[in-house]
Amino acid sequence: MRRAEIVDAARLWLGTPYHHQASLCGIGCDCLGLVRGVWRDLCGAEPEQPPPYSPSWAESLRQETLALAATRHLRPILMSEAQAGDVLLFRWREHLPAKHCAILATADSIIHAHDGAAVAEVAFTPWWRRHLSHAFSFPGVTD
């Protein structure tokens, strides 16, 4: 699979309304649902279904649940080596686990879903870069 295919698949989700725990293009998704949907579009069936999770799951569990799940199915890479099509994880505070994900669209933009807004491609600003905690590539990326 090529990086451009991943970005194109993610861009198909632009405008999808935010809906916690959903993963239906054009209907609703959260940040994880976006990544899950792109996986289904490009890789086939999801390798595992996420358990039910609350909006504050990371704060209450204090475990790197999202990062551990990503490690099971994606290839960890150095954050400094992330390229278009890679999955990025973010933590809101330094002492908390990562709980937000996005797909890097260009060196300067990410595609993500967040509460109160539709899936959007936004600038990968210094604020986002400071909160970046993990980076992963989809399996089988060839370029």
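Residues numbered from 1 in each chain as written. Predicted model: local features only at pLDDT ≥ 70, side-chain atom pairs only at ≥ 80, totals over all residues. Heavy atoms only, no water.

**Student:** Explain the overall build of the protein here, please?
**Tutor:** For the protein, the helix and strand inventory stands at 5 helices and 8 strands. Going from N to C terminus, the protein has its helices and strands arranged as α-β-β-α-α-α-β-β-β-β-β-α-β. A globule of 143 residues ought to have a C-alpha radius of gyration of about 15 Å, and the protein, at 14 Å, matches this closely. Expressed as lengths along the three principal axes of its C-alpha atoms, the size of the protein is roughly 35 × 35 × 30 Å. Residues classed as buried in the protein amount to 43% of the 143 residues present. Looking at the protein alone, contacts between residues at least 24 apart form 57% of all its contacts between residues at least 6 apart. (Helix = DSSP H or I, 4+ residues; strand = E, 2+ residues; numbered from the N terminus. Rg over C-alpha atoms; globule rule 2.2 N^0.38 Å. Buried < 20%, exposed > 50% of the residue type's maximum accessible area, 1.4 Å probe, protein only. Contact = heavy atoms within 4.5 Å.)

**Student:** Looking at this structure, I do not really get the environment of Thr142. What am I missing?
**Tutor:** For Thr142, the location among the structural elements is in the segment after strand E8 (132-137). In this structure the C-alpha to C-alpha distance between Thr142 and Arg3, which are 139 residues apart in sequence, comes to 7.6 Å.

**Student:** Sorry, what's going on with helix H4 (residues 65-73) here?
**Tutor:** In an α-helix, one full turn covers 3.6 residues, which means residues spaced three or four apart are oriented alike. Within H4 the residues assigned to the buried category are Leu66, Ala67 and Ala70. Down the axis of H4, the smallest arc covering the buried residues is 95°, so these residues share one side. Facing away from the buried side of H4 by over 90 degrees, the exposed positions are Leu68 and Arg72. (Arc of directions from axis to C-beta.)

**Student:** It is not clear to me how the side chain of His131 should be interpreted in this structure. Could you clarify?
**Tutor:** Looking at the element boundaries, His131 is found in helix H5 (residues 126-131). Judged by its relative accessible area of 14%, His131 is buried. Ignoring any residue separated from it by four or fewer positions in sequence, one finds His131 in contact with Leu89, Phe90, Arg91 and Trp92.

**Student:** Just checking my understanding: could you explain the packing of helix H1 (residues 3-11) against helix H2 (residues 31-43) for this structure?
**Tutor:** Packed helices, taken two at a time, are described by the angle between their axes plus the distance between the axes. Two elements in contact, H1 and H2, have axes separated by 9 Å at closest approach and are oriented at 125°. Taken together, the axis directions place H1 and H2 in an arrangement best described as oblique. Along this stretch, H1 crosses H2, giving a crossing that reads as right-handed. Contacts from Glu5, Ile6, Ala9 and Ala10 in H1 reach Leu34, Val38 and Leu42 in H2. Counted by class, the contact of H1 with H2 contains 6 nonpolar, no polar and 1 charged residues. (Axes fitted to C-alpha atoms, helices over the stretch in contact; angles between N-to-C directions. Parallel < 35°, antiparallel > 145°, perpendicular 65-115°, else oblique. Left-handed = near helix turned anticlockwise from the far one by under 90°. Nonpolar A, V, L, I, M, F, W, Y, C, P; charged D, E, K, R; others polar.)

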